[in-house]
Amino acid sequence: MSSLPRLLLDWYRKHGRTLPWRDHPDPYAVWVSEVMLQQTRVETVIPYFEKWMRLFPNVTTLANASEREVLNAWEGLGYYTRARNLHKAAKIVVEKFSGQLPRNLTELRSLPGIGRYTAGAIASMAFGMDEPTLDGNLRRVFARLFDVKEFADSPAGEKILWELAAQNLPKGEAGGYNQALMDLGATVCLPKNPRCLLCPLMEICEARKNDSQELRPVMKPKKAVPRYVLAAAVVCRRGRVLLARRPPEGLLGGMWEFPNGRVAENPAKELTKALYAAAKLKVKTSEALGIVRHAYTHFKVTVHAFRCEPVSIPKSENLRWVKLSDLEDYPMGKVDRRIANMWLKS
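Residues numbered from 1 in each chain as written. Predicted model: local features only at pLDDT ≥ 70, side-chain atom pairs only at ≥ 80, totals over all residues. Heavy atoms only, no water.

Glancing now at a positive patch on the surface. Taken together, the side chains of Arg237, Arg238, Arg240 and Lys323 define a basic patch exposed on the protein surface. For arginine 238, a relative accessible area of 74% puts it in the exposed group. (Patch = residues over 30% accessible without salt bridge, like charges linked within 9 Å, V, L, I, M, F, W, Y side chains within 5 Å. Areas by Shrake-Rupley, 256 points an atom, 1.4 Å probe, with all protein chains shown as cover. Salt bridge = Lys/Arg side-chain N within 4 Å of Asp/Glu carboxyl O. Lys, Arg positive; Asp, Glu negative; His and termini not counted. Charge placed at Lys NZ, Arg CZ, Asp CG, Glu CD. Buried < 20%, exposed > 50% of the residue type's maximum accessible area, 1.4 Å probe, protein only.)

Attention now goes to the nonpolar core. Membership of the largest hydrophobic core comes to 41 residues, with the highest contact counts inside it found for Tyr28, Trp31, Met36, Trp52 and Trp74. Looking at this core, the elements with two or more residues in it are helix H2 (27-36), helix H3 (42-55), helix H4 (59-64), helix H5 (67-74), helix H6 (81-96) and helix H8 (116-127). By size, the runner-up hydrophobic cluster in this structure holds 35 residues, among which are Met125, Leu145, Met182 and Cys189. (Core = buried A, V, L, I, M, F, W, Y, C linked by side-chain atoms within 4.5 Å. Helix = DSSP H or I, 4+ residues; strand = E, 2+ residues; numbered from the N terminus.)

Here the focus is unusual backbone geometry. Cis geometry is adopted by the peptide bond preceding proline 217, which originates at arginine 216 and carries an omega value of 0°. Mapped onto the fold, proline 217 is located in the loop between helix H12 (206-209) and strand S1 (227-237). Of note in this structure, glutamine 39 is not a glycine but carries a positive phi near 65°. By relative accessible area, glutamine 39 is classed as exposed at 60%. Unlike most non-glycine residues, tyrosine 79 shows phi in positive territory, near 50°. According to the relative accessible area criterion, tyrosine 79 is partly exposed, its value standing at 35%.

Let's shift gears to empty space enclosed by the protein. Summed over all chains, the structure comprises 1 cavity of 30 Å³ or more. The calculated volume of the largest cavity comes to roughly 130 Å³. Along the wall of the largest cavity there are 15 residues; nearest its centre are Arg144, Cys189, Cys196, Cys199 and Cys205. Of the residues forming the lining of the largest cavity, the biggest block, 3 residues, is contributed by helix H9 (residues 136-145). Broken down by class, the residue content of the lining of the largest cavity amounts to 11 nonpolar, 1 polar and 3 charged. (1 Å grid on protein atoms, 1.4 Å probe; cavity = no way out; pocket = protein on both sides within 12 Å on 5 of 7 lines; lining within 4 Å. Points joined across faces, edges and corners; volume = space filled by probe spheres on them. Nonpolar A, V, L, I, M, F, W, Y, C, P; charged D, E, K, R; others polar.)

Let us look at the layout of surface pockets. Size it by volume and the largest pocket reaches roughly 1600 Å³. Lining the largest pocket are 41 residues, with Gln39, Asp135, Gly136, Asn137 and Arg140 sitting closest to its centre. At the level of secondary structure, the elements contributing two or more residues to the lining of the largest pocket comprise H3, H8, H9 and helix H11 (174-187). With 5 residues, H9 is the single largest residue contributor to the lining of the largest pocket. Residues of the lining of the largest pocket, tallied by class, amount to 16 nonpolar, 9 polar and 16 charged. In this structure, the second largest pocket occupies an estimated 580 Å³ of space.

If you want it as structure tokens, here you go:
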């Protein structure tokens, strides 16, 4: 499929998207954008990227920032491990690489949060290196172009798609080519109802010839998504509210939340027992505040929030009484920020 790069790059010169990180003189901007774009849509990322670059315009300012500042800037973007890894990696770049993102692929991949895909994207787009990359858009495009029947999310399928990405890479133009593939997947070769008649690669697309474009990529069947019910306590005392800090690792690591626990059938009755079991908190429930539903990647939650009065609150560095005026300064996930807003408006 030797005509692939030419057809694609011709299309990209006319139809490529204008994005704030493209043609940026600092590789740091490409790095930040690629991390933000992992599992997140471009239109969502743009305002976060612009805010981030105002707050942390280079690696050094990011490395010198506190984790709380970093998580605050990331709040609402989700997958917070990305932000913590960016922060950790920035410190390493400053200490080990004199504040310059390394051009060596092995050194790039040694940084927290930079895997094969991100390293290839940075290397090709920021440094002009002849390196392939493979995000969700590229997987879909290659699976259709070559009518790949293997599961795209299996080791065998990944191997095939990476080989196709490398084999079709135009020397000296990898950065533009990879971005063109991303744009094609985002605007034309859509997951559902692909716009084949507008595609510059329609004539060479094997899935199009075989009328299988809607069936590609082939993905493994998804498991049923578990659902959990939680009860959360908005505990108030003298104009302050009690927040709990989550463990540093795992889901929403290091973020702040309203103390909560998993319940079964009756959130109002089970809340006090759940809080004591989770953190030795003793509270008295006063009234229901509201219900928040949210879907994470691998599960869904329904959270019942209640106003509560403190009875016995243990001393802990992971528990803090916060002034109402300071609440915005504590980074939270979407569920807890919605509970905070409910409470402030009530």
